[in-house]
Amino acid sequence: MNKLVVKFGGTSVATTAHIQRVAARVLKEVEKGNSLVVVVSAMGKTTDQLVHMANELCAEPSKRELDVLLTTGEQVTISLLSIALQKLGLKAQSFTGWQAGIHTETVPSNARIEQIDTQAIERALAEGKVAVVAGFQGVDSNDNITTLGRGGSDTTAVAIAAAIQAQRCDIYTDVEGVYTSDPRYVKNARKIPQLSYDEMLELAHLGAGVLHPRSVELAKNYEMPMSVRSSYCEEEGTMLKEEVQMEKDIVVRGVAFEGDIIRLTVYYEAPYTSSLASIFTTLAKHHINVDIIVQSVIPNMTPTVSFSVKKEQLKEALIILGEHKDTLGFDHIDHEAELAKVSIVGSGMASNPGVAATMFDCLYKEGIPVKMVSTSEIKVSVVIPQEEMLHAANALHEQFDLSILPETIA
Ligand code: ADP
Ligand code: ASP
Ligand code: MG
């Protein structure tokens, strides 16, 4: 019997009518002879609403209590879906994160899964039940409920798939697959039939919200075949694999973008007072994710190091740097808000040196100023004013002919 893990996101379970539709889909898979674990998110915008309620009481609620609150969203869905499955005549059992044996590190609101004790799920499957598991949550070594970061249900699904050695993990969502860019905002964005783990990992890290980055990381590490497909139609989605044949001819495969980026700049009195290592070690210790880093040490000019962080981490980053000002040896810090990061991704870039130049030329012609740049073998990212984000994404999508089917490119 094939073991499959399927995951349905918030929009796919937004109402009880949606949940009935999901139940019918699960029944179909079971009738094909598959043994199923179903991972679900909170219904619709529930998680946002819960965050909003906490913020009505306190601008900065305790992360521990926020985790307890947010995990209730997924708990509603697992019970409702199990009820709907039972109504269809299936045996089904719901599992919260801790009941499913999902153990995480102790990092409230953004914990990584450390290990999954699969006994309870395996037992349910052996008894012919559908195991319905709450996404996005786990438990730490002190029995605190933790969450995996927004969008983390994808990661729950892939982690369980790897742990029970499932044949495949299917992520059902509100789009037909992974597109060349977010189809909600980029004209003529096109579904990509196959994508390598590495390309998807870059796209996800760079803002393509269709998958939680850690889910792709896990799929790659465990070589777990993974698909992204629509919960509303039967169309084939996007298959993620290690090697994708068509990619050799294609230079850029997708455009990703992300708003609410802040550029922090640290000014030193002299180069010898600066230690890149200590500044970034201090930030890392406090779980501040730093992205693009640019150091500038030019004779007769104040040495600086600039780096980008997400808006929600700005306050914490400023407090931590302020607390360590003396040991880190810098003079002062300033920051620029209202920025966005726009990136092009494709493994063909490694052997095509002109890609970054084409990107900069396109942005220049569109009158979009570039504030920071970062490149790797398979991506080029620029930081630009946030108001230009969608303009830049659309212009780059057109510049690299991403709406055209790859087969037509020689
Ligand atoms: P779910 O609730 O199912 O987890 P998400 O909202 O997390 O769904 O992810 C699906 C959304 O991701 C789509 O509605 C789309 O707007 C967005 N998205 C961003 N980038 C991409 C992309 N490259 N391809 C497809 N969808 C994307
Ligand atoms: N419900 C959580 C969120 O909205 C997790 C998820 O949907 O994956 O972020
Ligand atoms: Mg999601």
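Residues numbered from 1 in each chain as written. Chains lettered and ligands numbered in written order. Predicted model: local features only at pLDDT ≥ 70, side-chain atom pairs only at ≥ 80, totals over all residues. Heavy atoms only, no water.

1. Topic: the sheet that holds strand β6 (residues 130-134)
Pairing between sheet strands relies on hydrogen bonds along the backbone, with the strands arranged either parallel or antiparallel. Strands sit in the order β3-β6-β2-β1-β9-β11-β12-β10 across an open sheet of 8 strands; the sheet is mixed. This sheet does not close on itself; its edge strands, each paired only once, are β3 (92-95) and β10 (194-196). Neighbour to neighbour, the strand axes of the sheet diverge by 20 degrees on average, direction disregarded. Of the strand pairs in this sheet, β3 and β6 are connected by 4 bridges, and their pairing is parallel. Among the inter-strand pairings, Phe-95 is bridged to a residue of β6, identified as Val-133. (Pairing = 2+ DSSP bridges. Helix = DSSP H or I, 4+ residues; strand = E, 2+ residues; numbered from the N terminus. Axes fitted to C-alpha atoms, helices over the stretch in contact; angles between N-to-C directions.)

2. Points about the packing of helix α1 (residues 16-31) against helix α3 (residues 63-87)
At their nearest, the axes of α1 and α3 sit 9 Å apart, and the two run at 60 degrees to each other. The angle between α1 and α3 falls in the class oblique. Both α1 and α3 take part in a crossing whose hand is right-handed. Residues Ile-19, Val-22, Ala-23 and Val-26 of α1 form the contact with α3, whose own contacting residues are Thr-77, Leu-80, Leu-81, Ala-84 and Leu-85. When its residues are assigned to classes, the contact of α1 with α3 shows 8 nonpolar, 1 polar and no charged. (Parallel < 35°, antiparallel > 145°, perpendicular 65-115°, else oblique. Left-handed = near helix turned anticlockwise from the far one by under 90°. Contact = heavy atoms within 4.5 Å. Nonpolar A, V, L, I, M, F, W, Y, C, P; charged D, E, K, R; others polar.)

3. What to know about helix α9 (residues 314-323)
Taken together, the buried positions of α9 are Leu-314, Ala-317, Ile-320 and Leu-321. In an axial view of α9, the angular spread of the buried residues amounts to 135 degrees, which keeps them on one side of the axis. Residues of α9 that are exposed and point more than 90 degrees away from the buried face comprise Lys-315 and Glu-323. (Buried < 20%, exposed > 50% of the residue type's maximum accessible area, 1.4 Å probe, protein only. Arc of directions from axis to C-beta.)

4. Brief notes about the packing of aromatic side chains
Applying the stated criterion across every chain yields a total of 3 aromatic pairs. Each ring, one from Tyr-185 and one from Phe-257, has its centre 6.3 Å from the other, and the planes form 75 degrees; the classification is edge-to-face. In this pair, Tyr-185 sits in the loop between β9 (168-173) and β10 while Phe-257 sits in strand β13 (residues 254-267), placing the two residues 72 residues apart along the sequence. Using a relative accessible area of 42% as the deciding quantity, one classes Tyr-185 as partly exposed. Since its relative accessible area comes to 11%, Phe-257 is described here as buried. Here Phe-280 and Phe-307 contribute two aromatic rings whose centre-to-centre distance is 5.2 Å and whose plane-to-plane angle is 75 degrees, an arrangement assigned as edge-to-face. Taken together, the residues Phe-280 in helix α8 (residues 276-285) and Phe-307 in strand β15 (residues 304-310) connect sequence positions 27 residues apart. Phe-307 matches Phe-280 in its accessibility class, with the two residues each being buried. (Phe/Tyr/Trp six-rings, centres within 6.5 Å; stacked < 30°, edge-to-face > 60°.)

5. Considering the nonpolar core
One finds Val-5, Val-37, Val-133, Ile-160 and Met-200 to be the most contacted residues of the largest nonpolar core, which totals 41 residues. Beyond its immediate chain neighbours, meaning those up to four positions away, Met-200 contacts Val-178, Leu-195, Val-210, Leu-211, Val-216 and Leu-240. One finds Ile-344, Met-359, Ile-368 and Val-380 within the second-largest nonpolar core, a separate group that totals 24 residues. (Core = buried A, V, L, I, M, F, W, Y, C linked by side-chain atoms within 4.5 Å.)

6. Points about the site of ligand 1
For ligand 1, the set of nearby residues contains 17 residues, the closest of which are Thr-173, Asp-174, Tyr-179, Asp-182 and Arg-184. The separation between an oxygen atom of ligand 1 and a polar side-chain atom of Thr-173 is 2.7 Å. In this structure, an oxygen atom belonging to ligand 1 sits 2.7 Å away from a side-chain N or O atom of Asp-182. (Near = heavy atom within 4 Å. Polar contact = N/O pair within 3.5 Å; in protein donor to acceptor, adjacent residues only side chain to side chain.)

7. Side note on the pattern of salt bridges
Counted under the stated rule, the structure contains 22 salt bridges. Close ionic contact of Arg-253 with Glu-199 constitutes a salt bridge, the shortest N to O distance being 3.4 Å. Note that Arg-253 is positioned in the loop between β12 (238-241) and β13 and Glu-199 in helix α6 (residues 197-205), a separation of 54 residues in sequence. A single burial state applies to Arg-253 and to Glu-199, both of which are buried. One salt bridge in this structure joins Lys-220 and Glu-242, with 3.6 Å as the shortest N-O distance. Remark: Glu-242 occurs in the loop between β12 and β13 and Lys-220 occurs in helix α7 (residues 213-221); sequence separation between them is 22 residues. (Salt bridge = Lys/Arg side-chain N within 4 Å of Asp/Glu carboxyl O.)

8. Quick look at the UniProt feature "binding site: substrate" (unreviewed entry) in the chain
Mapped onto this numbering, the UniProt entry gives "binding site: substrate" (unreviewed entry) at Thr-47 and Glu-74. Spatial clustering of the annotated residues is evident: they stretch over 28 residues in sequence, but the largest pairwise C-alpha distance comes to 8.7 Å. Among the structural elements, Thr-47 can be located in helix α2 (residues 46-57). Excluding residues within four positions of it along the chain, Thr-47 makes contact with Ala-42, Leu-70, Phe-136 and Arg-150. Among the structural elements, Glu-74 can be located in helix α3. Under the relative-accessibility criterion, Glu-74 is labelled buried at 3%. Once residues within four sequence positions are removed from consideration, Glu-74 is found in contact with Val-40, Ser-41, Ala-42, Ala-134, Gly-135, Phe-136, Gln-137 and Ser-153. Here Ala-42 takes part through its backbone nitrogen, which lies 2.9 Å from a polar atom of the side chain of Glu-74. (UniProt positions renumbered as here; feature names shortened; annotations may be inferred.)

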